[in-house]
Structures are given as C-alpha cells and as structure tokens.
Amino acid sequence: MPPKSKSPLQTVQRNTDEIKRKVDSLFQEIQQADATQHPKQTEAFQRCIQLQKSVEETLKTLRALNKADEPVPVGTYDQRKREEDMRLLNLQHQLQMLAERLVPDTANKQVVNARIEKASTSKVEDEEEEEDNEEESEEEDDEEESEEEDEVGPSVNNFIAVCDFNSQQEGDLTIKNCNDEEEETETEEDSEEETDEVKQRAKTDKQKEQRKHSGTKSNWDAVRKAVTEISASDVLSAMGAIPAGFRPSTLSKLLEEGKAFRSSHFLQPEYSQSQLAFKDLLWSPDKGSVRPRVSRVSLTLTLWSCKMIPPPGVGVQVLSRHVRLCVFDGTRVLSNIHTVRASCNNKNTRTWTFSPRVSGILPSLLDGDCFVRSNSQSPELGILFELGISYIRNATGERGELSCGWAFLKLFEASGVPVPYRTYELAVNGGTPYDKGVDVDPSIARRASSSVFQQMMTSRRQPKFFVKLKYANSKTRTALQLLPDTLVGSTCSIHLLALYRHILADALLRDRLTMQNADLICSPVLATFAQVLDQTDLLDALRSVWAEKEGSLKRSEKRDGEFMKTLFVQLYMDTVYPLLHSLALPPCQWADQETESLRWRIIAGILAVNKQKESALSSLLSEEAAQEAFDVSEVAYDFLTKARETAATA
C-alpha cells in the first residue's frame, strides 16, 4: 500500500508548534536565570536569532502554499492558513521584542535593529523601490565620502543622532544632532575661503542622510513603541500561561482612567443642551416630586452562567472572576460600567455562575439581577459583556486584569423593534470588543472538520454566555423611571437610588430660591451619596439597615413620601456617613480578599455599635472612632461641578 501523502499545511503547523515550544522554553529559562549573567544572556540572544530565522523561513513557506498543494480537499483551508500566519507573526513579534531585551552590547543592538527592520520590510518595500533610482545617483557621492573618511581615520565611539532627544528620567542622556556644529568647529582651523564650501557640503550630507533613513526611521519608531509598550499579557501569552484570545481588559482600563465611567458620575443630573436647566431631572407640580421619564431602553436582566471559559495556565492565580457590562453601540461606551462577580466550582473552573436576587446582608457585587437604562438613539445599541479575571503571578507577585472574551447583545432589530424578552445564548469572542473574528481559543476552531458530528462537538466546546432579558414588574418600572436616563446597576439598589433622586430634586428644583441661584447646598447626603456607589460594601450596609427598618414600618408610613425621605436621610447619617471618612476603614482594593474581609468586619462592627445608640453623633465625636480631617466638601453639594454635560447622541 503506497504511503499516505503528507499535507504541506499540516507540516507547517507542526513546524510552528515546534517553534512555539522552543520560544516558550526560552522565555521560561530567561525568567529562571539571572539576567545579569552575561554568558547566559549571550547564549539566549543567539537562540533568539536562530528562532527568528526559523520563523521567517516557515512564514515564507506558508505564504507560498496553495490549496491545490493539498493531497486531499480541505474545507477550511484559507481559514487555517490565516490562523497559522497569525501564529507565526505573533511569534515573530515576541522574538523581536525579546532580542531587543537580550542584546548584549551596542554593536549587537545595531544588528538586532537591522533584523527588526528586515522583518518588517513588507511596509517599507514600496518606499525603498521608489528611492532606488535616487540612491543609485548618489552612489558616486557616497564613494567620495568613504574615501574622505579613510583619510581622516576611523572614529571611535562616534554615533549619529537621527533626531534630538531631551532627557526625561534620571540617567537619560540628552542627545543633540550636532552635525552642523561639528563641521563649523573643523572649518575654524581652515582658511576662510573653504568655510562656505564645507558648510554647503555638510548641509548636503545631512539631507542625504535624512532621505536614507526616512523610511526605516518611521518603521523603527513603530517597532520601538511596540517594545516599550509590551504588556504583562504579552509575556503570559508567550509563556503559554493564558489562551491566545485573552487580552488586557478594555473596560477595566476605562474604569481606572477616572470617574467618567463610574456609577457615581452617571447618577448626577445631566444638563440640558442650553445648560440652563436639567435634562433628566424634572419636577412634577401635580405630584410634588420627580417627574418620571421613559427611556428608550429600560429593562432588567439576569446573568445566568458562562460556559467553556478556558482557565489560565500554571503560574497564574485567579483572584476574581467577573463580568463587566455597559451600554455599547459598537464603537463607544455610552453608560457607566457595572461589575458582577462570578463564582465557580474548583472541579469545573470553565463554568461561571451568578447569584440572582440577592437580599439581606449578602453582597450586591454577587447580584446577577441588573437593570439597564439608556436613551441613546443609535441603531446598533446593545449591551456589552466583558468576561474578566483578576490575577496574580506566583513568580513575581504582579497583579493585573485580563479579558477572557466578550459578548454583545443587540437590543434592537434592523426594523427598530426591540428584541424579545427571553434567554439568550451569546457567543464569547476573543480579543477586544473592537476586534472581529478572534477566537478565545483558536485551537478549538483549528480542530474543526467537515463532519457534521465533529462540528456539533466543536460548537459545544465554544465559550458561551447565557443572559435573560426580563420585563420589569410595575413597582420596579415605576422606580426605574425616576432614575437618570442612562444608568446600569444592581436591581436590589433601585429603591435606594430612587429615594436619592427624590431628595436631589427637592434640593435643586423645589427648595432653591430661584433657578438662577447657584449657591452651595448644605446636604451631607447629596455631597457624599455618589461616593457610596463606588464602594459596594457601604451601599450593602445602607441597604441592609434600610431593609430592616422598612420591615417595621406601617403601611401608611410607607405611602408617605416625605416621611420616607426623612427616614432615609436619618439612616444614612447614622450608618454610612460615619464610615466614609473613618480612619479604621482601609481603602477599597479590587480583588483583594483580605482587604474586602477586613472592611466588612469593620463595617459590621460599627453598625452594631451604632445600633445601640440613638444616633451616630456620638461615634463621630468619640475618641475611639478616629475620623479624617473635616473638609467642607463633606457637607456642601455644588451641582455646578457635579452635574454632567449633555453627551452627543448617535
């Protein structure tokens, strides 16, 4: 029986797997070894150069393949070929950055730079072809220059600065392009007759040098930028510690940049287009309270589960599994970013679950029941879900957050009709929300075949996210219409947010002397409540105390709006307000279990003490309960700086 013909594409795949194994081994050895040991550094550098050559040869072989070269038909040939091309380019990029780190001296660094420029010649080839004729015409001038340099003698430790660089950190060297100054210094010894000629020649040489390096300089700047911006995820991916589709968290980065995407920001009233009134906070004279507003999107949803989410590899400890969600139109984040923490069984870390309908003292951070409000008119409006993990590297102690994939639920059909309320099974994509066609784990798609059964099995192994859209009940709908037009949060906190909006409307719309009055408003609740939204354990404390108190109220008291607002202010001042500036309470640290537990123990202890007293004033004045130095911003609400400007709507 004749031997079975080998597939050229499979051969390339095996070669790529072997190269990746060697690259991973090299990264691990570098981490374990002392970077200051010069022999090991030189050996690693040589291995890196050899691996670069292997990648280039394999990439050249891959791009020369055709579908007709295969001994048997392959249904997904083009897709598999593109995936191998991406794998090789990724390895090439990692090796380029590694070579830059390992280069032993300046001479070798020039070699590395040349290899990096050569590896990225696809972008520069067109520019070089356009400059061929110009370079040929300059060859004679270059020969004359080299003869003159030989007469003078070789210079030692001389470098040419392509551009000026001002020192930015301690130890940096300020570099000046001083070709003109050097030429002027040399001509001072010559006769005055030769001065003009030498200056003109120096100017011509400088122009030719700039033309030579114009193409490669811009390309090298791009490579240098990529080297300096290497992230922890690149290192983990190179080590094989995380799947190829994982990326640095996009939504987490937005949260870290400031308050623009936090709940505390979106809870504040929004100015109208003229900025002379409020857009989403209006007064109803008939009811004597906030006027309800109907948003284009006002719904509740339940996060059910995430399935087949690949875990990170050895050496990475997961501190938190969570889902961050927001309103998204495909290009912009249009709301605050809300986070729900997931849990999983140690025996099955690929399945994440959530806890719907949180009540009592349980943390709202685990609440899978959420609400979404948005008044954006974008036809592509939907909800973006980013699945993420917070991690710590066992070897270095470095912390970070990665996106394990993302899913998008479009809320309107092409005709403009809202999507039905039901449970949705969403595919989880790899990369960032701005990437298309990236798999969380490309190896699953690569193993797919033309068999229907195999395709079904492959589909079952793909990551999925399950979410249920629900139509809110009458009580919840009424409370939602009192909230800002755009806001995402936990359903268990809607009634507290609605009470806050009532108090806010009283201060801004009912009790101000005139609508032109912009004086500070003395109200500790208005001045500090938004801060509580960014500290979920404090919000849970208020929710717990309020639920306990509300359960003992009479039905007539619950229907009395003024009584409920007064009671809310009293409970807030007796519980949460003393905690906000307590020196005993450590600052919040995301995914730090020790800090989270310590904060909750302190909160529970202070609540128990305050419960035995008539008010929190004694706690504020007690020597045992140390507080931060008082600041007037704790009691003064300035709506001119707090209110939001109207955002541009799509």
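Residues numbered from 1 in each chain as written. Predicted model: local features only at pLDDT ≥ 70, side-chain atom pairs only at ≥ 80, totals over all residues. Heavy atoms only, no water.

**Re helix H15 (residues 494-510)**
Taking 1.5 Å per residue as the helical rise, H15 with its 17 residues ought to reach 24 Å, and the 23 Å between its terminal C-alpha atoms agrees with that figure. Counting buried positions along H15 yields 15 of 17 residues, so the element is predominantly enclosed. (Helix = DSSP H or I, 4+ residues; strand = E, 2+ residues; numbered from the N terminus. Expected span 1.5 Å × (residues − 1). Buried < 20%, exposed > 50% of the residue type's maximum accessible area, 1.4 Å probe, protein only.)

**Quick word on the side chain of asparagine 336**
By the secondary structure assignment, asparagine 336 is in the loop between strand S5 (316-328) and strand S6 (338-345). With a relative accessible area of 0%, asparagine 336 lands in the buried category. Within the local environment of asparagine 336, its side chain forms a polar contact with the side chain of serine 263, the two groups lying 3.1 Å apart. Side-chain polar atoms of asparagine 336 contact the backbone oxygen of valine 488, separated by 2.7 Å. Once residues lying within four places of it in the same chain are set aside, the contact partners of asparagine 336 are Phe261, Arg262, Ser263, Phe266, Leu325, Cys326, Leu487 and Val488. (Polar contact = N/O pair within 3.5 Å; in protein donor to acceptor, adjacent residues only side chain to side chain. Contact = heavy atoms within 4.5 Å.)

**A look at the environment of methionine 308**
Relative to the helices and strands, methionine 308 resides in the loop between strand S4 (297-307) and S5. Look at methionine 308 and you get partly exposed, because its relative accessible area is 26%. The sequence separation of methionine 308 and arginine 460 amounts to 152 residues, and the corresponding C-alpha distance is 8.4 Å. Not counting the four nearest positions on each side in its chain, methionine 308 is found in contact with Arg350, Arg460, Arg461, Gln462 and Pro463.

**Considering the packing of aromatic side chains**
According to the stated counting rule, one finds 11 aromatic pairs in the structure shown. Their ring planes at 75° and their centres at 5.7 Å tell us that tyrosine 421 and tyrosine 471 sit as a pair that is edge-to-face. A residue pair is termed long-range when its members are at least 10 positions apart, and tyrosine 421 in the loop between strand S10 (399-410) and strand S11 (423-427) and tyrosine 471 in the loop between strand S12 (464-470) and helix H14 (474-480) qualify at 50 residues. Under the relative-accessibility criterion, tyrosine 421 is labelled partly exposed at 39%. Residue tyrosine 471 is classed as exposed on the basis of its relative accessible area, which comes to 58%. Here tryptophan 546 and phenylalanine 568 contribute two aromatic rings whose centre-to-centre distance is 6.0 Å and whose plane-to-plane angle is 70°, an arrangement assigned as edge-to-face. Here the residue tryptophan 546 occupies a position in helix H17 (residues 536-550), and phenylalanine 568 occupies one in helix H19 (residues 561-580), the gap between them amounting to 22 residues. (Phe/Tyr/Trp six-rings, centres within 6.5 Å; stacked < 30°, edge-to-face > 60°.)

**Section: the confidence of the model for the protein**
Scored by pLDDT, the protein has a mean of 79; 72% of the residues are at 70 or more. In this model residues 105-112 is a low-confidence stretch, pLDDT under 50, and it forms 9 contacts with partners more than four residues away in sequence or in other chains. Predicted confidence is poor over residues 114-157, with pLDDT under 50, and the contacts of this stretch with residues over four places away or in other chains come to 30 contacts. (pLDDT = per-residue confidence, 0-100.)

**Overview of the pairing of strand S7 (residues 348-353)**
With 2 bridges connecting them, S4 and S7 associate as antiparallel partners. Pairing of serine 305 across the sheet is with threonine 353, part of S7. As defined by bridge partners, S6 adjoins S7 across 2 bridges and the pair is classed as antiparallel. Of the residues in S7, the one forming a bridge with serine 343 is threonine 353. Remark: 2 residues form the turn of the hairpin made by S6 and S7, two consecutive strands paired antiparallel. (Pairing = 2+ DSSP bridges.)

**Describing the environment of isoleucine 503**
Structurally, isoleucine 503 can be placed in helix H15. The contacts of isoleucine 503, once residues within four sequence positions are left out, are Leu526, Lys565, Phe568 and Val569.

**Considering the environment of glycine 382**
Considering the arrangement of structural elements, one finds glycine 382 in strand S9 (residues 382-393). Taking relative accessible area as the criterion, glycine 382 reaches 0% and is therefore assigned buried. In contact with glycine 382, other than residues within four places in its own chain, are Cys326, Val327, Phe328, Phe408, Leu409, Lys410 and Leu411.

**Focus: unusual backbone geometry**
Of note in this structure, methionine 308 is not a glycine but carries a positive phi near 60°. Phi angles above zero are rare outside glycine, and alanine 591 is one such case at about 60°. Within the secondary structure, alanine 591 sits in the loop between H19 and helix H20 (593-611). Of the residues examined, alanine 591 reaches a relative accessible area of 8% and is grouped as buried.

**Examining the packing of H15 against H19**
The packing of two helices is summarised by the inter-axis angle and the distance between the axes. The geometry of H15 relative to H19 is characterised by a closest axis approach of 10 Å and an angle of 105° between their N-to-C directions. The angle between the axes of H15 and H19 places the two elements in the roughly perpendicular class. Where H15 abuts H19, its residues Leu496, Leu499, His502, Ile503, Asp506 and Arg510 lie against Glu562, Met564, Lys565, Phe568 and Val569. Grouping the amino acids of the contact of H15 with H19 by side-chain chemistry returns 6 nonpolar, 1 polar and 4 charged. (Axes fitted to C-alpha atoms, helices over the stretch in contact; angles between N-to-C directions. Parallel < 35°, antiparallel > 145°, perpendicular 65-115°, else oblique. Nonpolar A, V, L, I, M, F, W, Y, C, P; charged D, E, K, R; others polar.)

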